[in-house]
Amino acid sequence: MNVQVFRTKSEEETVEAGQRLARLLGPREVVLLIGDLGAGKTTFAKGVVHGLGAAAPEDVVSPTFTLIHEYGSEPKIYHIDLYRIQNEHEASALGLEELLDSEGIILVEWGERFPYLWPPERVEVHFQWLSEQEREIRVLAPQPTGDPRRRDTMSP
Ligand SMILES: Nc1ncnc2c1ncn2[C@@H]1O[C@H](COP(=O)(O)OP(=O)(O)OP(=O)(O)O)[C@@H](O)[C@H]1O
Ligand SMILES: [Mg+2]
């Protein structure tokens, strides 16, 4: 397990941390964004989507009501928010299997509530609220399985 810890002091720094992670992501990767309301999950997702060249940060908005947003192509990026999903029945109605079978990169908020949905080989990003403007962000990534150059470049 490869662990990276960031302490950010602004929304912008959290967007930058997301951009850093984007450099390490390839097709079929699943990223769980885990933390309380307002911890910074959507803010970080803005950076990931931007870092992958799929949208400007301001065009990445919370999928709280729409549940799934799609960005870019080859690979597509799916940004999912399961906050409003109440049970397994509702979760299975979303068609997530199809997304997980695709080449897409999947970013999920509140996905840890349905752990059986996700592959074990996933990235987890844990967000902790430190103060109004500060967050601790821990990125837990599995050991590299393919290209050894891929997961060692999170530092600036
Ligand atoms: N260092 C920081 N990093 C990220 N967000 C910050 C930071 N400091 C302050 N904020 C503020 O915290 C809020 C984070 O909101 P965001 O929507 O990213 O949270 P979230 O984890 O997605 O919440 P939710 O569970 O409601 O979807 C924003 O209002 C942002 O401006
Ligand atoms: Mg959010």
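This structure is a prediction, so every number in the text was calculated from the model and none was measured. (Residues numbered from 1 in each chain as written. Chains lettered and ligands numbered in written order. Predicted model: local features only at pLDDT ≥ 70, side-chain atom pairs only at ≥ 80, totals over all residues.)

Caption draft 1: Structural view of the environment of K41. Counting through the fold element by element, K41 comes out in helix α2 (residues 41-51). Placed 21 residues apart in sequence, K41 and S62 show a C-alpha to C-alpha distance of 9.3 Å. (Helix = DSSP H or I, 4+ residues; strand = E, 2+ residues; numbered from the N terminus.)

Caption draft 2: Quick peek at unusual backbone geometry. In the segment running from E74 into P75, the intervening peptide bond is cis, with an omega of -5 degrees. Inspection of the secondary structure assignment puts P75 in the loop between β3 (68-71) and β4 (77-81). Phi is positive for W110, close to 65 degrees, though the residue is something other than glycine. Within the secondary structure, W110 is located in the loop between β5 (105-109) and β6 (123-131).

Caption draft 3: A look at the sheet that holds strand β7 (residues 134-141). An order of β1-β7-β6-β2-β5-β4-β3 is seen for the seven strands of this open sheet, with the pairing classed as mixed. Lying at the two open borders of the sheet, with one neighbouring strand each, are β1 (2-8) and β3. Taking each pair of neighbouring strands and ignoring which way they run, the sheet shows an average axis angle of 15 degrees. Of the pairings in the sheet, the one linking β3 to β4 comprises four bridges and is antiparallel in character. Note on β4: the bridge partner recorded for Y71 is I77. Each of β2 (30-34), β3, β4, β5, β6 and β7 is contacted by α2, which is oriented at about 165 degrees to β5, the strand it contacts most. (Pairing = 2+ DSSP bridges. Axes fitted to C-alpha atoms, helices over the stretch in contact; angles between N-to-C directions. Contact = placed C-beta atoms within 7 Å.)

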